[in-house]
Amino acid sequence: MKPWEANIRRVTPYVPGEQPKKAKMIKLNTNENPYAPAPGVREAARNFDAELLRLYPDPAAEVLVDALAERYGLESGQVFVGVGSDDVLAMAFLTFFHSDKPVLFPDISYSFYSVWAELFGIPYERPALDGEFQIRKEDYYRENGGIIFPNPNAPTSLAMGLSDVEDIIAHNQKSVVIVDEAYIDFGGESALGLIEKYENLLVVQTFSKSRSMAGIRIGYAMGNQDLIKALNDVKYSFNSYTMNQTSLALGTAALKDEAYFQETISKIKATRERAKKRLSALGFVYPEPSANFIFARRPGTDAKVLFEALKENDIYVRYFDAPRINQYLRITIGTDAQMDALFDFLEHY
Ligand code: PMP
C-alpha cells in the first residue's frame, strides 16, 4: 500500500440503475416518467439566454423556492431546494442526523440511506418490514438519532396511511423525522399538511418522477423555518451554488402547468391499473402499488434469470440482489405501448 492510500476515505457507493446507451429499448428500470416535461419547459429551454451563464446563479434559488412555496401554500422560508432529492437528502442527513443514537430506517428501503449514513459516520439501525413489506410503526417508538422512510416506500411501492405516518412523527418529537415523498404524487397521502403541527417534520419531494424531469436534477424539502435555515447553513458550508441557471428557469416553468402535471399522473395511474391486471393474469404477485412502479415476483420463476432474459431483449427493469427481495423485479410504469411490449415478452417467456 502506498503511504497516501492510508488517508483515502473508502466507501461502498450507491449503485444507480443502468442508463444504457441504446437507441431502441424499453427502459423501465429507474422510475423515470415516460412522458415529456410540461410544454412550457421546452419553451423555457428555447428561450434560455446562454449569456446568463456568465454569472453565478442566485445562491438562494429564490425564483424556484418562491414558485414552490406558492404551489404548496407555504412561506418561502419553509422551502429548501437541491440538486435532486438525493442532494437534499444528503444535506438533511448531514444537518439533522448528528447524534450518537442510531438513525432508524426500514431494512427494505431506498438503498442510498445506509450509504449516506456510512459516508457521514452516522450510526443507524434498520427495523425489518413485516412479512407483507409494511413498516411496523411500533419499531420506531424508541430512542433514536432521527428517522427517515420513503412514503410510498421504495422499492416496494407500498404506501403507509397518513395516520400511521403521523403516529411515528408524534412519538418522535425529540428527533427530526424525514418523510421521503419521491413518489407521493402517484399515490398515498402527503405528510406536508403536518409541517405546521410538527416542527420536527421534513417532507422531501422531487421533480424527477411526477414532473418528468429526472435529467434536470431538482429536489426540495419542506418544513418549519428553523429546519430549513439549518439545512441552508449546511448547504452554504458545502457549496453555495447548487442550483444552476437552467435548473432555476426550467424548474420554475414546470411548476406553472398544473393541468399537464395532473394529466400525466392520471395517465400513469391508468397504465398502472392495466399493468396490475396483466401481471396478475401472468401469475405475478405484488404489494399494492402506490408509486410509478410495481414490485412483482412470479412464484416458480427465478427473478434474476428473468431479469437477464428481459435485458437480452432490450427490456430493462430493476433487480436487487439483496436478502428478502431477490425474487422480485421492480418495474417502472411506462407508456401503454412500452408495457405491452413487456407483457408480450412475458407471455412468450
Ligand atoms: N428517494 C427515493 C425513495 C428514490 O427512489 C429516489 C430515486 N432514486 C430518490 C429519493 C432520489 O431521486 P432524485 O435525486 O432524482 O430526486
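Residues numbered from 1 in each chain as written. Predicted model: local features only at pLDDT ≥ 70, side-chain atom pairs only at ≥ 80, totals over all residues. Heavy atoms only, no water.

Participant: I tried to follow the environment of Lys256 on my own but got confused; where do I start?
Facilitator: When you line up the elements, Lys256 lands in the loop between helix H7 (245–255) and helix H8 (258–281). Taking the C-alpha atoms as reference points, Lys256 and Gly40, separated by 216 residues in sequence, lie 7.8 Å from one another. (Helix = DSSP H or I, 4+ residues; strand = E, 2+ residues; numbered from the N terminus.)

Participant: Even after reading the chapter, I still don't get the site of the ligand, so can you show me in this structure?
Facilitator: Around the ligand, the surrounding shell holds 13 residues, and the nearest of these are Ser85, Asp180, Tyr183, Thr206 and Ser208. The separation between a nitrogen atom of the ligand and a polar side-chain atom of Asp180 is 2.7 Å. Coverage of the ligand by the protein amounts to 92% of the 400 Å² it exposes when considered alone. Here the element with the most residues in the shell around the ligand is helix H3 (residues 84–96); it accounts for four residues. Along the lines of polarity and charge, the residues of the shell around the ligand split into five nonpolar, four polar and four charged. (Near = heavy atom within 4 Å. Polar contact = N/O pair within 3.5 Å; in protein donor to acceptor, adjacent residues only side chain to side chain. Areas by Shrake-Rupley, 256 points an atom, 1.4 Å probe, with all protein chains shown as cover. Nonpolar A, V, L, I, M, F, W, Y, C, P; charged D, E, K, R; others polar.)

Participant: Looking at this model, I keep getting lost on the pattern of salt bridges. Mind explaining?
Facilitator: Pairs can form between side chains of opposite charge once their charged atoms are near each other. If you walk through the whole model with that rule in mind, you get 22 salt bridges. The closest approach of N and O atoms between Asp139 and Arg136, which form a salt bridge, is 3.3 Å. A salt bridge links Lys137 to Asp164; the nearest nitrogen and oxygen atoms lie 3.0 Å apart. Here Lys137, found in the loop between strand S4 (124–125) and strand S5 (146–150), pairs with Asp164, found in helix H5 (residues 162–170); they are 27 residues apart in sequence, far enough to count as distant. (Salt bridge = Lys/Arg side-chain N within 4 Å of Asp/Glu carboxyl O.)

Participant: Can you walk me through the packing of helix H2 (residues 62–72) against H7 in this structure?
Facilitator: Axes are the key here: two packed helices are described by the angle between their axes and the distance separating the axes. Closest axis-to-axis distance for the H2/H7 pair is 9 Å, and the angle between their directions is 15°. Classified by the interaxial angle, the pair formed by H2 and H7 is roughly parallel. Handedness of the crossing formed by H2 with H7: left-handed. Two secondary-structure elements touch here, H2 through Val63, Leu64, Ala67, Leu68 and Arg71 and H7 through Leu248, Gly251, Thr252 and Leu255. Grouping the amino acids of the contact of H2 with H7 by side-chain chemistry returns six nonpolar, two polar and one charged. (Axes fitted to C-alpha atoms, helices over the stretch in contact; angles between N-to-C directions. Parallel < 35°, antiparallel > 145°, perpendicular 65-115°, else oblique. Left-handed = near helix turned anticlockwise from the far one by under 90°. Contact = heavy atoms within 4.5 Å.)

Participant: Would you explain helix H9 (residues 303–312) in this entry?
Facilitator: Every buried residue of H9 is accounted for by Ala303, Leu306, Phe307, Ala309 and Leu310. End-on view of H9: buried residues confined to an arc of 165°, all on one side of the axis. Against the buried residues of H9 lie strand S10 (315–316), strand S11 (329–332) and helix H10 (336–348). At the N-terminal end of H9, a side-chain oxygen is found 3.2 Å from the backbone nitrogen of Lys304, two or three residues along, and the residue is Asp302. Looking one or two residues beyond H9, the residue adopting positive phi is Asp314, at roughly 60°. (Buried < 20%, exposed > 50% of the residue type's maximum accessible area, 1.4 Å probe, protein only. Arc of directions from axis to C-beta.)

Participant: Even after reading the chapter, I still don't get the pairing of strand S7 (residues 201–206), so can you show me in this structure?
Facilitator: Counting buried positions along S7 yields six of six residues, so the element is predominantly enclosed. Here S7 shows no split at all, with Leu201, Val203 and Gln205 on one side and Leu202, Val204 and Thr206 on the other all buried. As judged from the four bridges shared by strand S6 (residues 177–180) and S7, these two strands associate in the parallel manner. Pairing of Val177 across the sheet is with Leu201, part of S7. (Pairing = 2+ DSSP bridges.)

These figures capture arrangement, not role.
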